Amino acid sequence: MVMQGTVVLLSVDTEEDNWSRARSGVTVDNIRELPGFQARCEKLGLRPTYFTTWEVASVPWAAGILRDLAAGGRAEVGAHLHPWNTPPRDEEFVPRNSMTKNLPPPLQCAKLASLTRAIEQGTGVRPTSFRAGRYGLGRETTRALIDQGYRVDSSVTPWVSWADVDDGADFVGAPLSMYALDGTTDPREAVAGGPLVEVPLSCGYTRWPFERSARFHGALTGGPLRRLRLAGVAARLGLLQRVMLSPEISSPRDALRLARLLVSHGVSHLHLTLHSPTLRPGLSPFARSRADVERLFAWLERFVDGLARGTPVAFATVGGAAQALTGSAGAAASAPAGRPAPPAVPRPKRLLVVSYHYPPDGAVGGLRWAGYAKYLARLGWDVHVLTASTATEAGLRDGVQVHVCPRRVTLNDLYNRLARRARRARRSTGRGAADAAPRGGDGTEVPASPSLRRRLASLLGFPDLSRGWMLRATRRARALIRRFEPDVVVSSGPPHTAHVVAARACAATRVPLVVDFRDPWFTGLYASAIARALARRMERHAFRVAREAIANTPELAEAIGARFPGRRSTWVRNGVDLEQLPTLDAAREPGLTIVHAGTLYIRRDLGPVLRAFRAVLDRHPGTGPAEARIRVAGHLDQSRQADLRSQTRGAGLEDYVHLAGVVSRSEALRLAAASSASIVLAQDQKVMIPAKLYELLAMRVPTIVLTEPDSASAAESRRLGAYVVAPDDERALADLFDALWRGDAPAPSASPEPFDYETLAHRMAEVLAPADAT
């Protein structure tokens, strides 16, 4: 096959996010940028070759992206060996061993075989083109490539030596055009008829001949002249510049100058290159923002257009060029420039979620968007989450990029410390429980009296438990919006200052904001009129900026629409991540076991459960704790704990009620799975649904929801198959306990509506990116 015009190649070192060498904590989220990158390359006619590392190929979703990109010959998947994290990892983790050529030949062969196998298994394509990480190609490496069926190498950087960098390869004097190797000589030496084709990168100087320029450059950069930095002066004056055809390190002007020089001297191809982490801001030193990435695309456009004005241009993959120009195996080359571009592959939608809670911090409030973010990422979205959770490690989690912005100590924290210290002092004098300060729903200590103290506590606790986070998170959210340019921002509350953070960050941009409500914005909970007024103002500000609101129940969505007429509101239910449910083999405990796992706050009251349980015991005289029991797990502040103990004593259940305290989520689910029934408290919650309802139903635990018959919790529980009992109907609750104990409780009817996040994510994607959105 003969190619017409100057052949232009583009290769991408398709590798992990970690710019520094790493064997642990490795992520590959930058691969999500490749479909958009490919689409823009195709518009220019470019056909990328993705030299892929083991870390990328071994992640199924990442390998799937590469498989799709290479379909139909639009691109090529090659192999890129990072020896430091490609198995077997038998060598010492030291800088010198990052150069493949420095490893023992058997280990080079073993790593290459492991890499080849991973790419073939992940993408369905056995690679025939190769590039050594850090350009660490040696004679033994070329021998290993030939033995394992490779036909093309692209590791040589002519006129660049890496010898001073961890004993790397020296390619000064290597040919600029393609040449053959046979595995017995220095990789710079062409061997007629060799089975391995070397397709070098395009490197050189802006003045010909390169041999003379190299000597001059060496004199400026070596010996006593090095300290004078004369090489930099010569480059700025345009006298002498060493250039690699890469948008990461060369200007378009210098790149075109080198390209025209190479073409005029008959070089067979022009080879552009870059690294895949550069396509995602902040991962490589070459792109700190989306603007930097856009400059990279502008570089490619300017280079291709500038080159095409002076010479006919054809495009090929690395393997395709080797086949067309030397007869080697590989993908076919493309037609000349001007051929209509293939259909563009849309870039992934970008989403930024602002949520105070996020797993694994244990708060139920983090589960909703942990589930939606995870499965939106699997649908191809590029998802980022900004959270205050210090239990969460920044970085990639379930395909989601997590950014942590911890809260700072506030006046309210200092107030609580002083209050605890005073309480300990009172206990030491025998005055403790009676003087204990109750807590609000967010854990803030609220003095019982007088009114002035309650108002002061309300102001100190304003606006909610995220105080100390709001201003810092706003700055961070603005930076993330500038850096990643999301298509939509979602804020999730409570705590509702997440909405304020997102609204302030989006206010001066064109990025749409969607406010997501797990619970209503409870301005009525503040004891201070000032705090209530401020909270209402914050709420109005968030809705002024927001494009629309999402609720987790139709009732809440209707209430939001009534409160803010003209603002679009919809609902997408809470759900459960089935993959996160533990494997439970706990057998049901004998007798009657009732479990409540969760925080008791606001109006959630176990009193009806205790009294109904007492009634069951009265029906069955002589029943002991070995036959019936109530288990309570979760946070109880001092006031709630005192109330619960008082209720327990009043019902005569001291031996039947077991307080487990705060337990892990897996332990709480284990307790529920072993129970006769699990209790969900939703008293006086007209438009809210406790999130744990979905986990319990997904595990097929008999679930009893205490709530008013006309509440959102009642409607959802009936839809999905839970028992619904009114909080004041203790007789009905006792009858249900009795029936569960006997094993003849009628199973509640349930509809087949799905409530797993994997299924629900499709609906959420439709809401966040409506088909009519511009």
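Each chain has its residues counted from 1, following the order in which its sequence is written. The predicted nature of this model means local features are confined to residues of pLDDT at least 70 and side-chain atom pairs, given and counted, to a pLDDT of 80 or more, with totals for whole chains, interfaces and linings taken over all residues. Neither water nor hydrogens contribute to the side-chain values; these are computed over all heavy atoms in the structure.

Draft legend 1. Fine view of the pattern of salt bridges. When a carboxyl oxygen of Asp or Glu lies within 4 Å of a side-chain nitrogen of Lys or Arg, that pair is called a salt bridge. Under the defined criterion, the tally for this structure stands at 41 salt bridges. Across the pair Arg295 and Asp292 runs a salt bridge whose closest N-O atoms are separated by 1.9 Å. On the criterion of helical spacing, the pair formed by Arg295 and Asp292 is a turn pair, its members being 3 residues apart in helix 9 (residues 290–308). Through salt bridges that share partners, Asp29, Arg32, Glu33, Arg280, Arg290, Arg350 and Asp382 make up one connected network. Secondary structure counts use DSSP, requiring at least four H or I residues in a row for a helix and at least two E residues in a row for a strand, with both numbered from the N terminus.

Draft legend 2. Spotlight on the nonpolar core. Counting 75 residues, the largest nonpolar core has Phe37 and Phe303 as its most contacted members. The dominant element in this core, judged by the number of residues it contributes, is helix 9, at 8 residues. Among buried residues, those of type Ala, Val, Leu, Ile, Met, Phe, Trp, Tyr and Cys that are joined through side-chain atoms within 4.5 Å constitute a nonpolar core. Residue burial is assigned from relative accessible area. The probe radius is 1.4 Å, only protein chains are included, and a residue is buried under 20% of its type maximum, exposed over 50%, and partly exposed in between. Counting residues in hydrophobic clusters, the runner-up holds 39 residues, among them Val515, Ala535, Phe543 and Ile560.

Draft legend 3. Local environment of the packing of helix 18 (residues 607–619) against helix 23 (residues 730–742). Between N-to-C directions, angles span 0 to 180 degrees; the directions come from axes that are lines fitted to C-alpha atoms, helices contributing only their stretch in contact. The interhelical angle for the contact between helix 18 and helix 23, taken along N-to-C directions, is 55 degrees, at an axis separation of 8 Å. With respect to helix 23, the element helix 18 is oriented oblique. Remark: the crossing between helix 18 and helix 23 carries right-handed chirality. For the pair helix 18 and helix 23, the contacting residues are Pro608, Val609, Arg611, Ala612, Phe613, Ala615, Val616 and Arg619 in the first and Glu730, Arg731, Leu733, Ala734, Asp735, Phe737, Asp738 and Trp741 in the second. Put simply, angles under 35 degrees are roughly parallel, angles over 145 are roughly antiparallel, angles from 65 to 115 are roughly perpendicular, and the rest are oblique. Each crossing is labelled by how the near helix is turned from the far one, with a counterclockwise turn of less than a right angle marking it left-handed and a clockwise turn marking it right-handed. Residue contacts are defined here by distance: any two heavy atoms, one from each residue, within 4.5 Å place the two residues in contact.

Draft legend 4. Summary view of the packing of aromatic side chains. Pairing of aromatic rings covers Phe, Tyr and Trp, the last through its six-membered ring, and needs centres within 6.5 Å; plane angles under 30 degrees mean stacked, over 60 mean edge-to-face, and all others mean tilted. Overall, the coordinates contain 14 aromatic pairs when judged by the stated rule. Ring geometry for Tyr205 against Phe210: centres 6.2 Å apart, planes inclined by 65 degrees, an arrangement best described as edge-to-face. Per residue, the accessibility class of Tyr205 equals that of Phe210, and both read buried. Taking the centre distance of 5.2 Å and the plane angle of 90 degrees together, the rings of Tyr356 and Trp469 count as edge-to-face. Note that Tyr356 is positioned in the loop between strand 12 (350–355) and helix 11 (367–378) and Trp469 in the loop between helix 13 (451–460) and helix 14 (470–484), a separation of 113 residues in sequence. The pair Tyr356 / Trp469 is uniform in exposure class, with both members buried. Grouped by ring-pair contacts, the aromatic residues Trp159, Tyr205 and Phe210 constitute a single cluster. Over the ring of Phe93 we find Arg21; its NZ or CZ atom is 4.9 Å from the centre of that ring. Two conditions define a charge sitting above a ring: the NZ of Lys or the CZ of Arg must be within 6 Å of the ring centre, and it must be within 35 degrees of the ring normal.

Draft legend 5. Structural context of the environment of Asp305. Inspection of the secondary structure assignment puts Asp305 in helix 9. Residues Asp305 and Leu44, 261 residues apart in the sequence, show an inter-C-alpha distance of 8.6 Å.

Draft legend 6. Main features of helix 17 (residues 554–563). Within helix 17 the residues assigned to the buried category are Leu556, Ala557 and Ile560. Buried residues of helix 17, viewed axially, fall in a sector of 100 degrees; they line one side. Along helix 17, the residues that are exposed and aim more than 90 degrees away from the buried face are Glu558 and Ala562. Here the arc refers to the set of directions running from the helix axis out to each C-beta atom.

Draft legend 7. Just the pairing of strand 23 (residues 677–681), in detail. By the criterion of burial, strand 23 is predominantly enclosed, with 5 of the 5 residues buried. Burial along strand 23 is two-sided: Ala677, Ile679 and Leu681 and Ser678 and Val680, pointing in opposite directions, are all buried. Paired strands, in this sense, are two strands between which DSSP finds at least two bridges. As paired elements, strand 20 (residues 592–597) and strand 23 share 2 bridges and run parallel to each other. Counterpart to Val595 in the pairing with strand 23 is Ser678.

Draft legend 8. Summary view of a positive patch on the surface. There is a patch of like positive charges on the surface, built from Arg536, Arg537, Arg540 and Arg544. On the secondary structure map, Arg544 appears in helix 16 (residues 529–545). For Arg544, a relative accessible area of 58% corresponds to the exposed category. Only residues whose relative accessible area exceeds 30% and that take part in no salt bridge are eligible for patches, with like-charged residues grouped when within 9 Å of each other and nonpolar side chains (Val, Leu, Ile, Met, Phe, Trp, Tyr) grouped when within 5 Å. Here, Shrake-Rupley sampling with a 1.4 Å probe gives the accessible areas, and only protein chains in the shown set may cover a residue. Neither His nor the chain termini are counted; the positive set is Lys and Arg, and the negative set is Asp and Glu. By convention, charge coordinates are those of NZ in Lys, CZ in Arg, CG in Asp, or CD in Glu.

Draft legend 9. Fine view of the packing of helix 1 (residues 34–44) against helix 3 (residues 60–70). In the contact formed by helix 1 and helix 3, the axes pass within 10 Å of each other and the chain directions differ by 15 degrees. Taken together, the axes of helix 1 and helix 3 are roughly parallel relative to one another. Of the two elements, helix 1 crosses helix 3, and the hand of that crossing is right-handed. Along the contact surface, helix 1 presents Leu34, Pro35 and Gln38, while helix 3 presents Ile65, Leu66 and Leu69. Polar here means any residue outside two lists: the nonpolar Ala, Val, Leu, Ile, Met, Phe, Trp, Tyr, Cys and Pro, and the charged Asp, Glu, Lys and Arg; Gly therefore counts as polar. Among the residues making up the contact of helix 1 with helix 3, the classes are represented as 5 nonpolar, 1 polar and no charged.

Draft legend 10. Quick look at the sheet that holds strand 24 (residues 703–706). In spatial order, the strands read 22-21-20-23-24-25; together these 6 strands make up an open sheet with parallel pairing. One side of each edge strand has no neighbouring strand; the edge strands of this open sheet are strand 22 (657–661) and strand 25 (723–725). The sheet shows a mean angle of 25 degrees between the axes of neighbouring strands, direction not considered. Here 6 bridges tie strand 20 to strand 21 (residues 628–633), and the two strands are oriented parallel to one another. By the bridge assignment, Val595 is partnered in strand 21 with Arg631. Across the sheet, helix 18 is in contact with strand 20, strand 21, strand 22, strand 23 and strand 24; its angle to strand 21 comes to roughly 165 degrees.

Draft legend 11. Structural view of the pairing of strand 19 (residues 568–571). Alignment of strand 18 (residues 548–551) against strand 19, held across 4 bridges, turns out to be parallel. Paired with Ala551 across the bridge in strand 19 is Trp571. Of the crossover connections in this fold, the one passing from strand 18 over helix 17 to the parallel strand 19 is right-handed. Crossover handedness is defined here as right-handed if the route from the first strand over the helix to the second strand goes clockwise, with the strands pointing away from the viewer.

Draft legend 12. Main features of the side chain of Lys374. Tracing the backbone shows Lys374 in helix 11. Lys374 gets classed as buried once you look at its relative accessible area, which sits at 1%. Any N or O atom pair separated by 3.5 Å or less is treated as a polar contact, with the protein-specific requirement of one donor-capable and one acceptor-capable atom, and with residues adjacent in sequence counted only for side-chain atom pairs. A distance of 2.9 Å separates polar atoms of two side chains, one belonging to Lys374 and the other to Asp577. Apart from residues lying up to four places away in sequence, Lys374 is in contact with Asp398, Val400, Asp577, Glu579 and Gln580.

Draft legend 13. Representation of the side chain of Ser246 within the structure. Mapped onto the elements, Ser246 comes out in the loop between strand 9 (242–244) and helix 8 (252–264). Here Ser246 falls in the buried class, since its relative accessible area comes to 2%. With residues up to four places along the chain from it excluded, the contact list for Ser246 reads Thr273, Leu274 and Trp299.

Draft legend 14. Inspection of helix 1 at higher detail. In terms of residue burial, helix 1 counts as a mostly covered element, since 9 of its 11 residues are buried. Residues Leu34, Pro35, Gly36, Phe37, Gln38, Ala39, Cys41, Glu42 and Leu44 constitute the buried set of helix 1. Against the buried residues of helix 1 lie strand 1 (6–14), strand 2 (48–52), helix 3, strand 10 (269–275), helix 9 and strand 11 (313–316).

Coordinates in, geometry out; function isn't part of it.
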